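Chain residues, written in single-letter form:
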Amino acid sequence: MLAMGSHEPVRYASSPVQTPMIELKNASKEYVKPSGEVHTVLRNIDLRIEKGEFCSIVGPSGCGKSTTLNLIAGFEETTGGKVHIMGEPLKGINPRAACVFQTDNTYPWKTVMDNVSLGLRLKGLKKGEAYREAKRWIERVGLKGFENHFPHQLSGGMRKRVALAQCLIVQPEILLMDESFSALDVHTRQLMEDELLNIWEETSASVVFITHDLEEAIALSDRVVVLTAGPGATVKGDYRINLPRPRNVAEIRFQPQFMSLHEQIWDDLRDEVMISYANANK
Ligand SMILES: Nc1ncnc2c1ncn2[C@@H]1O[C@H](COP(=O)(O)OP(=O)(O)OP(=O)(O)O)[C@@H](O)[C@H]1O
Ligand SMILES: [Mg+2]
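Bear in mind the structure is a predicted one, so any value in this text is a computation, not a measurement. (Residues numbered from 1 in each chain as written. Chains lettered and ligands numbered in written order. Predicted model: local features only at pLDDT ≥ 70, side-chain atom pairs only at ≥ 80, totals over all residues.)

Draft legend 1. Focus on the site of ligand 1. Looking at ligand 1, the residues that line it are Y31, H39, V41, G59, S61, G62, C63, G64, K65, S66, T67 and G230. Secondary structure elements with two or more residues in the shell around ligand 1: β2 (38-49) and α1 (65-73). Looking at the shell around ligand 1, the element that brings in the most residues is α1, giving 3 residues. Tallied by class, residues from the shell around ligand 1 come to 3 nonpolar, 8 polar and 1 charged. (Near = placed C-beta within 6 Å. Helix = DSSP H or I, 4+ residues; strand = E, 2+ residues; numbered from the N terminus. Nonpolar A, V, L, I, M, F, W, Y, C, P; charged D, E, K, R; others polar.)

Draft legend 2. View of the environment of E23. Along the chain, E23 falls in strand β1 (residues 22-32). C-alpha of E23 to C-alpha of I45: the two residues are 22 residues apart in sequence and 9.6 Å apart in space. Dropping the residues within four chain positions of it, E23 is found in contact with R48 and H84. (Contact = placed C-beta atoms within 7 Å.)

Draft legend 3. Layout of the packing of helix α2 (residues 112-122) against helix α4 (residues 156-168). At their nearest, the axes of α2 and α4 sit 7 Å apart, and the two run at 30 degrees to each other. In terms of axis orientation, α2 runs roughly parallel to α4. In this structure, α2 contributes V112, N115, V116, L118 and G119 to the contact, and α4 contributes V162, A165 and Q166. Each residue belonging to the contact of α2 with α4 can be placed in one class, and the counts come to 5 nonpolar, 3 polar and no charged. (Axes fitted to C-alpha atoms, helices over the stretch in contact; angles between N-to-C directions. Parallel < 35°, antiparallel > 145°, perpendicular 65-115°, else oblique.)

Draft legend 4. The arrangement of the nonpolar core in detail. With 68 residues, the main nonpolar core has A165, L176, V208 and V224 as its most contacted residues. With 6 residues, the top contributor of residues to this core is α4. Residue-level mapping places this core at the junction of two domains, with at least three residues from each of domain 1 (1-96 + 173-282) and domain 2 (104-171). Those residues in contact with L176 that lie beyond four places of it in its chain are L69, I72, A73, A97, C99 and V208. (Core = buried A, V, L, I, M, F, W, Y, C linked by C-beta atoms within 7 Å. Buried ≥ 20, exposed ≤ 12 C-beta atoms within 10 Å, placed from the backbone. Domains from an automatic or database assignment.)

Draft legend 5. Representation of the confidence of the model for the protein chain in the model. Averaged over all residues, the pLDDT of the protein chain equals 91, while 94% of them reach at least 70. Every residue in residues 1-11 is under pLDDT 50, and counting partners more than four places away or in other chains gives 14 contacts. (pLDDT = per-residue confidence, 0-100.)

Draft legend 6. Highlighting the domain arrangement of the protein chain. Domain parsing of the protein chain yields domain 1 (1-96 + 173-282) and domain 2 (104-171). Relative to domain 2, the C-alpha centre of domain 1 lies at a distance of 27 Å. Between domain 1 and domain 2, the residue contacts involve 11 residues of the former and 9 residues of the latter. Of the residues assigned to the side of domain 1 that touches domain 2, the class counts are 7 nonpolar, 3 polar and 1 charged.

Draft legend 7. Focus on the pairing of strand β7 (residues 174-178). The buried fraction of β7 is high, at 5 of 5 residues. The side-chain alternation of β7 yields two buried faces, one formed by I174, L176 and D178 and the other by L175 and M177. Direction of pairing for strand β6 (residues 97-100) relative to β7: parallel, over a ladder of 4 bridges. Of the residues in β7, the one forming a bridge with A98 is L175. Pairing of β7 with strand β8 (residues 206-210) involves 5 bridges; the strand directions are parallel. Its bridge partner being in β8, L175 is matched across the sheet by V207. (Pairing = 2+ DSSP bridges.)

Draft legend 8. Main features of helix α8 (residues 256-280). Taking 1.5 Å per residue, 25 residues should reach 36 Å; α8 reaches 35 Å between its end C-alpha atoms and fits that length. Considering bend angle alone, the principal kink of α8 is centred on W266 and spans about 30 degrees. Among the residues of α8, those classed as buried are L261, I265, D268, L269 and E272. Buried positions along α8 lie against β3 (54-58), α6 (214-220), β9 (223-227) and β10 (235-240). (Expected span 1.5 Å × (residues − 1). Bend = angle between axes of the 7 residues up to and from the residue.)

This is the structure in structure tokens:
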């Protein structure tokens, strides 16, 4: 970590000693448009995320946040540079990762129990064993009594809990979350954020959390990474969030240290949002 004077942001440089869980090495992603023109989404991204680290990525809409997550999940391949997972180049789908997206991950034709136990069944566990473990996770996310409900019989917040349990039951080493809570009302969202932190603190999972909401990013994370406006987005700022844990996401926002971090990071982010807005209106 490098402190650069009282008004400078605290830039975070992770320890080079430990093998990072996730490493983007000079990673770029280009798409070829139907016209044949090359569209560079991400350019020369260098990013190390440690084991057990909670890292949020923020940036203007369309800059390439979801694309970054897709590279880590192995849903997309880099067109330049590499993605390494625990020091090994990633080939195909990342087996250590589980994803929670903005839209529902749940299968509408399966009950809560069958949705949550699915990951363990796919791993070959017997039904009884998978159900026992699923029951524990359903309780853990506050859905006891809803085991036999179908997703359409639940609220949006409850479905999100199912999605979280569905991911966490397989004890992923990497949890990838893309705007996972953004469709929820503010109170449900804060409950889910606190629940996520409680569960994460009991695991050593590395979390990559994509959000539009800078306050959410700071409240949850060990680190907030700001991407520049695209095309050719890259890392603009990398901030260590040294707020004490355990955290209450609703209350931590009123701490002076939180406000000061918000001001620093927003300084970076605002410029990129303005550039992105100007580009969109060209
Ligand atoms: N499969 C694809 N083919 C072509 N272009 C793509 C593809 N996927 C993404 N893009 C382009 O890559 C850019 C970044 O998209 P991405 O979804 O990563 O942005 P984002 O930062 O997640 O945006 P938002 O905040 O709105 O979710 C966009 O210009 C998008 O049009
Ligand atoms: Mg996105």
